[in-house]
Amino acid sequence: MALTALALNCTLKTKRAEDPSSTDRMLKLLAAAMEPFGVATQFVQLADHDIKPGVTSDEGDGDAWPAIRQKILDADILIMGTPIWMGQPSSVCKRALERMDAFLEEKDDEGRMVSYNRVAAVAVVGNEDGAHHVSAELFQALNDVGFTIPANAVTYWVGEAMGSVNFVDLEEIPEAVRSTLSLVARNTVHAATLLKARPYPGEGA
């Protein structure tokens, strides 16, 4: 059963930035780990888009979120990738989560949130502590708005606190990161396959 994934890169950098994105590297590694399972991944770098502040699915003229929202709903798997800033998810990541708050009120024909039957995983990078805190925030928010979180659904790398080495600078990917990427890929694809075959029941089931 073919599956699709959407990777939202919540780096503060745009594609025009001279420095490469560590978040982009981690997301591409996770996409590569899912590819052998038949998953095709699309990438969106949110800082390149004018996502208006708000909690609805369309905040009016110039809002880039409606098109991104549709990509989320067209995918079986959502991957949220964020750097750690001040021990928290990036502001870009929080903006995306705030816009997904609209899913709480948006229902399908069977009374389920429109985001139901989709699986979410998380990728975190940074050179400070906070990976567990960041993933906990994202897990709770994504689950609140209807996504299913598989077991061990986070891959992360954190460098030395206050250090200057970023994930994108590493010549070799640590074995612990590689094994975690494989685990996240297997579990995420497994859960997405199950939900695609047997969706959550709707009202009156």
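Please refer to the structure higher up on the page.
As the structure is a computational prediction, the values presented were derived from the model and not from experiment.

S.K.: Could you give me a rundown of the pattern of salt bridges, with the residues and numbers involved?
M.R.: Summed over all chains, the structure comprises seven salt bridges. A salt bridge links D108 to R112, with the nearest nitrogen and oxygen atoms 2.9 Å apart. Owing to a relative accessible area of 26%, D108 belongs among the partly exposed residues under this scheme. Between R112 and E110 there is a salt bridge, and its shortest N-O distance comes to 3.5 Å.

S.K.: With reference to specific residues and values, describe a nonpolar patch on the surface.
M.R.: On the surface, a cluster of nonpolar side chains totalling about 390 Å² of accessible area is made up of L12, W85 and M86. Counting through the fold element by element, W85 comes out in strand β3 (residues 77–85). Residue classification places W85 among the partly exposed positions, given a relative accessible area of 45%.

S.K.: Describe the environment of Y116, and please don't skip the residues or the numbers.
M.R.: Within the element layout of this structure, Y116 appears in the loop between α3 (91–100) and β5 (119–126). For the pair Y116 and L73, spaced 43 residues apart in the sequence, the C-alpha separation amounts to 9.1 Å. In this view, Y116 contacts G146 and Y200; residues no more than four positions away in its chain are not counted.

S.K.: Help me get a handle on a negative patch on the surface, residues and values and all.
M.R.: A grouping of E98, D101, E105 and D144 is seen on the molecular surface, where their side chains present a negatively charged patch. Structurally, D101 is set in the loop between α3 and β5.

S.K.: With reference to specific residues and values, describe the nonpolar core.
M.R.: Ranked by internal contacts, the top residues of the largest apolar core, which has 32 residues, are I72, M80, M100 and L142. Of all the secondary-structure elements, those providing two or more residues to this core are β1 (3–9), α2 (65–74), β3, α3, β5 and α4 (131–144). The biggest single contributor to this core is α3, with five residues. Here I72 is in contact with L6, L8, W65, L78, M100, F103, R118 and F147, once residues within four sequence places are set aside. Membership of the second largest hydrophobic core comes to 28 residues, among which are V39, W157, I173 and A191.

S.K.: Please give an account of the pairing of β3 that cites residues and values.
M.R.: The buried count for β3 comes to eight of nine residues, which makes it a mostly enclosed element. When β1 meets β3, the two strands line up parallel, connected through five bridges. By the bridge assignment for β3, A5 is matched with I77. Judged from the seven bridges that link them, β3 and β5 form a sheet pairing that is parallel. Residue I77 lies in a different strand from β5, and its bridge partner there is V119.

The rules we used
- Residues numbered from 1 in each chain as written.
- Predicted model: local features only at pLDDT ≥ 70, side-chain atom pairs only at ≥ 80, totals over all residues.
- Heavy atoms only, no water.
- Salt bridge = Lys/Arg side-chain N within 4 Å of Asp/Glu carboxyl O.
- Buried < 20%, exposed > 50% of the residue type's maximum accessible area, 1.4 Å probe, protein only.
- Patch = residues over 30% accessible without salt bridge, like charges linked within 9 Å, V, L, I, M, F, W, Y side chains within 5 Å.
- Areas by Shrake-Rupley, 256 points an atom, 1.4 Å probe, with all protein chains shown as cover.
- Helix = DSSP H or I, 4+ residues; strand = E, 2+ residues; numbered from the N terminus.
- Contact = heavy atoms within 4.5 Å.
- Lys, Arg positive; Asp, Glu negative; His and termini not counted.
- Charge placed at Lys NZ, Arg CZ, Asp CG, Glu CD.
- Core = buried A, V, L, I, M, F, W, Y, C linked by side-chain atoms within 4.5 Å.
- Pairing = 2+ DSSP bridges.

Geometric values such as these leave the question of function open.
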